[in-house]
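# Structure assessment
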Amino acid sequence: MTDRARVWASRKGLTVLFWCVFSSLAAGQASEGLDIRSAATPIRLDGVLDEAAWENTGVATDFYQNFPFDTSYAELDTEVRVTFDETALYIGAVIYQSQEDYIVTSLRRDFELGPSDEFAVNIDPFQDKINGFHFAVTPLNVRREGLIDNGNSISTDWDNKWYAEVSNHPEYWVVEMAIPFKTLRYKRSEGDNQWRINFSRISVKQNERSTWNPVPRQFGINNLAFTLPMRWATPPPSPGLNVSLIPYAIAGVERDEEFRLPAERNFNAGGDAKIAITPSLNLDLTFNPDFSQVEVDQQLTNLSRFELFFPERRQFFLENEDLFGKFGFPSSRPFFSRRIGLAQGTLRRTTTGGDEIEVQRSFNVPILAGARLSGKLDNNWRVGLLNMQTGSVSDADLAPANYSVGVLQRKVFDRSFVGAIFTNKVNYRPDGAGGYEVDPDAFNRVAGLEYNLFSKDNKWEAEAFYHRSFTSDNNVDAQAAALFVGHYLRNWRIFFPTHYIGRNHEAEMGFVPRRGFLSTSPGITHLIFPKKKWWAERVIAFGLSARTEFIFNQPDYQLTDRELSAGAFVEFPGQSELSLDYTENYTFLFFPFDPTNTGGVELPEGTDYTYPTLNLSYSSDVRKDFYYGVEGSYGRYFNGDFSRLRFQLNYRWQPLGILALDATYTDIQLPSPYNDAGIWLVGPRAELSFSRSVFFSVFLQYNTQADNVNINTRLQWRFKPVSDIFLVYTDNYFSDQFLANPRGKNRAIVLKATYWLNL
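Residues numbered from 1 in each chain as written. Predicted model: local features only at pLDDT ≥ 70, side-chain atom pairs only at ≥ 80, totals over all residues. Heavy atoms only, no water.

Here the focus is the overall build of the protein. Scanning the protein for helices and strands turns up 5 helices and 42 strands. The C-alpha extent of the protein, read off along each of the three principal axes, is 80 × 65 × 55 Å. For the protein, contacts bridging at least 24 residues in sequence account for 59% of all contacts bridging at least 6. A total of about 33,100 Å² of accessible surface is found on the protein, and carbon and sulfur atoms cover 57% of it. (Helix = DSSP H or I, 4+ residues; strand = E, 2+ residues; numbered from the N terminus. Contact = heavy atoms within 4.5 Å. Areas by Shrake-Rupley, 256 points an atom, 1.4 Å probe, with all protein chains shown as cover.)

Next up, the structure:
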């Protein structure tokens, strides 16, 4: 008997001792993987592993630490069993942890990764170690599901049906999970059936992250590169007919106070359908969808010369989102789904006094219908096809448009793939008879090839792509290309990206905020882990980093942007960190620019500036109910002085929710005649959970740069799995008058209901 088994026996008694001995016989070492068998008896989902079916399973135990160290077994023990029946995959886990040590930030579903205790399972049905499914549970049975892409990136915006129950005990908690096969995507065959799987857990107060199969600490605990084989004694069952209907209905009232427009009342209905063509290939259909966001975008202070990126949150686009939306680099995407159904421009409106006016604003473009086919053809091929048709907006003279995307990926080597993408946007024009016709000169197409490399041990990562756009105008120098190489070792992180975008590269369906440049931005980080026990108990790691970026503009490849940065950081227990950075920037303006982005006098084209900045930041121990972060910056900015102070305050009202405040003050002092700016961005936020099905949130954003105060209040009732009723109230004010004499811009109240129906 091992020392660990003796401890368990003294603490838990003979039952636990038998369980440990049985697990070592049934499961063997973690490196051998896990064999699963069909459940011999029905399983009742109640958080108690008392069914006979659990006794005939292997046990995954002897978890390894990932953090704060990765060279030993976990201090807290975990035991996991897996079985299945004709409808679902079942996972049962005993997680040893004192009930007094629980830390759970909120009862709201899709809780944040990191600040709450959790047990998670990561499943890779196709064994590509790149794409998979993520399911997690807290000790209070709060659930999170997500899709994993690029090996370790988790999108929790994806929603689907699965179930879990938890029972709590003084020294441990037990979870039973049931994941329907209709929720998963996989290829079934009568031959060799093998998936990959790993289990992880986070214990916040104990400052420990651990996994069943060891994951080196330089990688996240949900990295699919370190999953192990899960071998089926009999093939997983076919999920059979797998069709889901998701209808919605929405009613609301909107009033524009700024332009004195009459109240607009609206009612709409539509829905989505999810149809499994095969267990691994899904067809999504949408009819008259409502793409209004029940979650508001977090505002940012924009001091750059280019457009900011905001993530996609609309459910229709989320499954296999990486297949469509992650081609290219973050600064050069051929497809960006937020281009569909959202626009900004001039609208003609009639005021309450009968006057005709023009209003500059963002607005929704009606989407008539859409279809998307995406998923796996087999273990090596993935495919994605998307088509959406938008309608016209007469008040903006906006004609209909059609959006199409085709994607094909082929797995090569162990964890790498080659991909091809083609996008096609077709615009319409009035036909002179009250309708619309295709405009043969108003199209935009992008075709591209891409190779992504992920080494077997995840230490090497590389990407290379070539994209080219096609329009009816100038197609000379209409390409984009890039090469990225990254090397991630225990003590070193080295990366080297190089990126080129031609002057005439147009991606109307994508995200390309800047064109006509060549950039390179290598960087390196050195990590040092204390070895002496006294230091190791107080300092998790410390390190040094250096980053650079050089951007050369076409046509003569003149240096227009340079960034040189060096820094040091120290990481303490509880995710606390202290960092110091020094950055020197150089900018050559190839067009006039107001550095404050407040509409002031612009710095002239053809001038250049060198400006250094010193930045100091500290984040506190997240294990405490009150934790915070503070960041200060001081230096030069173009031809003036710059300072910034940011506070992030968080109070964990366990387990009801979190109260938070994020406040940033940016002070820019430029010489006359240019604008000075004192920019406030303040965002108090409260997220409260009255139960695991009723949630309330309020988010206020005070932004003086945009001269706007936004108040977003939302009440959500999840009355059935993935079925919700939302009541959302939004109000906007002018920030310069908000505190003294509030003047409203516009306000709206919306009631929305969605229902997920499985056929």
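There is more to say, and it comes next.
A few words on the sheet that holds strand β2 (residues 59-60). The strand order across the open sheet formed by 5 strands is β2-β4-β5-β11-β10, and the pairing between neighbours is antiparallel. Two strands in the sheet have a free side with no partner beyond their single neighbour: β2 and β10 (163-168). The pairing of β10 with strand β11 (residues 172-180) spans 6 bridges and is antiparallel. Following the sheet pairing, Val 166 is matched in β11 by Val 175. (Pairing = 2+ DSSP bridges.)

Further remarks concern the nonpolar core. Counting 38 residues, the largest nonpolar core has Ile 91, Phe 119, Phe 135, Val 175, Met 177 and Phe 199 as the members making the most contacts within it. With sequence-adjacent residues up to four places away left out, Phe 199 is seen in contact with Leu 34, Ala 60, Phe 63, Val 80, Val 82, Ile 91, Phe 119, Ala 120, Val 121, Ser 210, Thr 211 and Trp 212. (Core = buried A, V, L, I, M, F, W, Y, C linked by side-chain atoms within 4.5 Å. Buried < 20%, exposed > 50% of the residue type's maximum accessible area, 1.4 Å probe, protein only.)

Moving on to the pairing of strand β7 (residues 132-137). β7 sits mainly inside the fold: 6 of its 6 residues count as buried. Residues Gly 132, His 134 and Ala 136 of β7 are buried on one face, and the alternating residues Phe 133, Phe 135 and Val 137, pointing to the opposite face, are buried as well. One ladder, built from 5 bridges, connects strand β6 (residues 118-124) with β7; its direction is antiparallel. Bridged to Asn 122 within β7 is His 134.

Residues Val 253, Phe 690, Leu 715, Leu 727, Tyr 729, Ile 749 and Leu 751 make up a contiguous nonpolar surface patch of about 590 Å² in total accessible area. Elements represented by at least two residues in the nonpolar patch include exactly β40 (723-733) and β41 (744-754). (Patch = residues over 30% accessible without salt bridge, like charges linked within 9 Å, V, L, I, M, F, W, Y side chains within 5 Å. Salt bridge = Lys/Arg side-chain N within 4 Å of Asp/Glu carboxyl O.)

One pass over the structure, following the stated rule, counts 27 aromatic pairs. Ring plane angle 70 degrees and centroid distance 4.7 Å describe the contact between Phe 84 and Trp 232, whose orientation is recorded as edge-to-face. Here the residue Phe 84 occupies a position in strand β4 (residues 78-84), and Trp 232 occupies one in strand β14 (residues 228-232), the gap between them amounting to 148 residues. Of the two residues, Phe 84 and Trp 232, both sit in the buried class. Note on Phe 181 and Trp 232: the rings are 6.2 Å apart at their centroids and 50 degrees apart in plane angle, and the pair reads as tilted. Of this pair, Phe 181 sits in the loop between β11 and β12 (194-203) while Trp 232 sits in strand β14, placing them 51 residues apart in sequence. (Phe/Tyr/Trp six-rings, centres within 6.5 Å; stacked < 30°, edge-to-face > 60°.)

Most of strand β26 (residues 479-488) sits out of view: 7 of its 10 residues are buried. Both β26 and strand β27 (residues 492-501) contribute to a ladder of 9 bridges, which runs antiparallel. Across the sheet, the residue bridging to Ala 480 is Ile 501, located in β27. In this antiparallel pair of consecutive strands, β26 and β27, the connection spans 3 residues.

What follows deals with the side chain of Asp 256. Among the structural elements, Asp 256 can be located in strand β15 (residues 243-256). By relative accessible area, Asp 256 is classed as buried at 6%. Look past the residues within four positions of Asp 256 in its chain and what remains in contact with it is Leu 261, Arg 361, Lys 745 and Asn 746.

Turning to the pattern of salt bridges, a few remarks are in order. Applying the stated rule across the entire model yields 32 salt bridges. A salt bridge links Arg 372 to Asp 284, with the nearest nitrogen and oxygen atoms 3.4 Å apart. On the criterion of sequence distance, the pair formed by Arg 372 in strand β20 (residues 367-376) and Asp 284 in strand β17 (residues 281-287) is long-range, its members being 88 residues apart. Given a relative accessible area of 1%, Arg 372 falls into the buried group. With a relative accessible area of 3%, Asp 284 lands in the buried category. Among the ionic pairs, Glu 437 bridges to Arg 429, the shortest N-O distance being 3.0 Å. For Arg 429, a relative accessible area of 32% translates into the label partly exposed. A single salt-bridge network, built from bridges that share partners, covers Arg 255, Glu 257, Asp 731 and Arg 747.

This brings us to the side chain of Lys 411. Looking at the element boundaries, Lys 411 is found in strand β22 (residues 401-412). Of the polar contacts made by the side chain of Lys 411, one reaches the backbone oxygen of Gln 127; its length is 3.4 Å. The residues touching Lys 411, leaving out its near neighbours within four places in the chain, are Gln 127, Asp 128, Asn 379, Asn 380, Ser 416 and Phe 417. (Polar contact = N/O pair within 3.5 Å; in protein donor to acceptor, adjacent residues only side chain to side chain.)

Once that is clear, we can look at the confidence of the model for the protein. Residue-level pLDDT values for the protein average 89, and 95% of them are 70 or greater. This stretch, residues 1-30, has a pLDDT under 50; its non-local contacts, to residues over four places away or in other chains, come to 41 contacts. (pLDDT = per-residue confidence, 0-100.)

For the bond running from Phe 67 to Pro 68, omega is 10 degrees, close enough to zero to count as cis. Following the sequence through the fold, Pro 68 ends up in the loop between β3 (64-67) and β4. In this model, Gln 654 is joined to Pro 655 through a cis peptide bond whose omega is -10 degrees. Looking at the element boundaries, Pro 655 is found in the loop between β35 (640-653) and β36 (657-669). Phi at Asp 62 is positive, roughly 55 degrees, even though this residue is not glycine. Inspection of the secondary structure puts Asp 62 in the loop between β2 and β3.

Moving on, we get to the environment of Thr 105. Structurally, Thr 105 can be placed in the loop between β5 (88-96) and β6. The buried category is assigned to Thr 105, whose relative accessible area is 10%. Not counting chain neighbours up to four residues away, the residues in contact with Thr 105 comprise Pro 115, Ser 116, Arg 652, Pro 655, Gly 657 and Ile 658.

Now for the environment of Ile 277. Relative to the elements of secondary structure, Ile 277 occurs in strand β16 (residues 264-278). A relative accessible area of 48% means that Ile 277 is categorised as partly exposed. Distance from Ile 277 to Gly 375, taken between C-alpha atoms, is 9.8 Å for residues 98 residues apart in sequence. Ignoring anything within four residues of it in the chain, the contact list for Ile 277 reads Leu 283 and Leu 373.

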